[in-house]
Amino acid sequence: MAYLTVKELVISGELPGGELVSEGEIATRLEISRTPVREAFLRLQVEGWMRLYPKRGALIVPIAVGEAESVVDARRLVEAGSVRAFIEDAGARSRVVDALRENLRLQEQLAVDGTAAEFSAADADFHRTVVRAGKNPLLDAFYDGLRERQRRMTAASLTRDPGQISRIVDDHRRLTDLIEAGDADGFERAVEQHMLGVHGLRTDRGGTR
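Residues numbered from 1 in each chain as written. Predicted model: local features only at pLDDT ≥ 70, side-chain atom pairs only at ≥ 80, totals over all residues. Heavy atoms only, no water.

With an unreviewed UniProt entry as reference, the protein is termed GntR family transcriptional regulator, source organism Rhodococcus ruber.

Peer 1: Can you lay out the environment of Arg-189 for me, pointing to particular residues and giving the numbers?
Peer 2: Its place among the elements puts Arg-189 in helix α9 (residues 184-198). As for Arg-189 and Arg-76, which are separated by 113 residues in sequence, their C-alpha atoms are 8.8 Å apart. (Helix = DSSP H or I, 4+ residues; strand = E, 2+ residues; numbered from the N terminus.)

Peer 1: Describe the UniProt feature "domain: HTH gntR-type" (unreviewed entry) in the protein, naming the residues involved and giving the relevant values.
Peer 2: Mapped onto this numbering, the UniProt entry annotates "domain: HTH gntR-type" (unreviewed entry) at residues 1-63. The straight-line gap between the two end C-alpha atoms of residues 1-63 is 24 Å; of that span, 49% is helix and 16% is strand. (UniProt positions renumbered as here; feature names shortened; annotations may be inferred.)

Peer 1: Could you give me a rundown of the environment of Leu-4, with the residues and numbers involved?
Peer 2: Here Leu-4 is to be found in helix α1 (residues 2-11). Taking C-alpha positions, Leu-4 is 8.2 Å from Ala-40, a pair spaced 36 residues apart along the chain.

Peer 1: Lay out the pairing of strand β2 (residues 50-53) with the relevant residues and their values.
Peer 2: With four bridges connecting them, β2 and strand β3 (residues 57-60) associate as antiparallel partners. Along β3, the bridge assignment pairs Leu-52 with Ala-58. Here β2 folds back onto β3 in antiparallel fashion, the turn holding three residues, of which Lys-55 has a positive phi close to 70°. (Pairing = 2+ DSSP bridges.)

Peer 1: Could you give me a rundown of the nonpolar core, with the residues and numbers involved?
Peer 2: Across soluble globular proteins, nonpolar side chains show a tendency to be buried alongside one another. Ranked by internal contacts, the top residues of the largest apolar core, which has 33 residues, are Val-83, Phe-86, Phe-119, Ile-179 and Phe-187. Tallying contributions element by element places α9 first for this core, with seven residues. Setting aside chain neighbours within four positions, we find Phe-187 in contact with Glu-79, Ala-80, Val-83, Val-130, Leu-175, Leu-178 and Ile-179. With 19 residues, the next largest nonpolar core counts Val-21, Ile-26, Ala-40 and Phe-41 among its residues. (Core = buried A, V, L, I, M, F, W, Y, C linked by side-chain atoms within 4.5 Å. Buried < 20%, exposed > 50% of the residue type's maximum accessible area, 1.4 Å probe, protein only. Contact = heavy atoms within 4.5 Å.)

Peer 1: For the side chain of His-194, give the residues involved together with the corresponding values.
Peer 2: Within the secondary structure, His-194 is located in helix α9. For His-194, a relative accessible area of 4% puts it in the buried group. Only 3.4 Å separates the side chain of His-194 from the side chain of His-127, close enough to count as a polar contact. Those residues in contact with His-194 that lie beyond four places of it in its chain are Asp-123, His-127, Ile-168, Asp-171, His-172 and Leu-175. (Polar contact = N/O pair within 3.5 Å; in protein donor to acceptor, adjacent residues only side chain to side chain.)

Peer 1: Could you give an account of the sheet that holds β2, with specific residues and numbers?
Peer 2: The strand order β1-β3-β2 describes an open sheet built from three strands, whose pairing is antiparallel. Edge positions in the sheet fall to β1 (20-21) and β2, since each has one partner strand and no second. Here two bridges tie β1 to β3, and the two strands are oriented antiparallel to one another. Each residue of the ladder has a partner; that of Leu-20, found in β3, is Leu-59.

Peer 1: Talk me through the packing of helix α2 (residues 23-30) against helix α3 (residues 34-46); I want residue IDs and the actual numbers.
Peer 2: Direction vectors running N to C along α2 and α3 enclose 120°, while the axes themselves pass 9 Å from each other. The angle between the axes of α2 and α3 places the two elements in the oblique class. Between α2 and α3 lies a crossing of right-handed hand. Residues Glu-23, Gly-24, Ile-26 and Ala-27 of α2 touch α3, and the partners they reach there are Arg-34, Val-37, Arg-38 and Phe-41. Among the residues forming the contact of α2 with α3, the class breakdown is four nonpolar, one polar and three charged. (Axes fitted to C-alpha atoms, helices over the stretch in contact; angles between N-to-C directions. Parallel < 35°, antiparallel > 145°, perpendicular 65-115°, else oblique. Left-handed = near helix turned anticlockwise from the far one by under 90°. Nonpolar A, V, L, I, M, F, W, Y, C, P; charged D, E, K, R; others polar.)

Peer 1: Can you break down the pattern of salt bridges residue by residue, with the values?
Peer 2: Tallied over the entire structure, the rule returns 22 salt bridges. Close ionic contact of Glu-67 with Arg-149 constitutes a salt bridge, the shortest N to O distance being 3.0 Å. Pair noted here: Glu-67 is in helix α4 (residues 67-86) and Arg-149 is in helix α7 (residues 137-160), with a separation of 82 residues, a long-range link. The residue Arg-132 makes a salt bridge to Asp-144 at a minimum N-O spacing of 3.7 Å. (Salt bridge = Lys/Arg side-chain N within 4 Å of Asp/Glu carboxyl O.)

Peer 1: Can you lay out α2 for me, pointing to particular residues and giving the numbers?
Peer 2: The set of residues buried in α2 consists of Gly-24, Ile-26, Ala-27 and Leu-30. Buried residues of α2 fall within an arc of 165° about the axis and therefore sit on the same side. The secondary structure elements touched by the buried residues of α2 are α1 and α3. Phi for Glu-31, located one or two positions after α2, is positive at around 60°. (Arc of directions from axis to C-beta.)

As structure tokens, then:
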């Protein structure tokens, strides 16, 4: 419980990168002893979310320079490849579109009365729906490994600019329409532009444009 709770605080941005936290602070917050918090901190350090300093506390590791670009490139390749795997199957395409539109309804609700953490989770689920439809278990597992980084990046972006939420929802509608139309190339271009825009990255990088 301590591990999952602290990790969620980091991913959601409630514990931002660069902040120093202590075992005592977290133990008090969770109303538990320091021992499980210490074990959670050690596990989070191994996973790269924290850096421990004896007698000082734990530093929340900031999003690394270049990490956002790498995540965007990896996601574009996986999502575009997944779309191409099912786009010619009208039945599969219809099921994906139905699932995405259901997720969009949740996003619209969270845009009104949800938190940034809740919205970033729904955003990640939208994209994961596309990947899972490709039915490649290796790519699916790889993408799940990106999900936490994606959520953290999105939460940070929404903290900087809450107005991003409406733009994200609009982009997701466009991506859904492109899948429904069977336009895999258009989807790849649009999903890359979407991710670059959300994370404040340059849109004139080399790539598929």
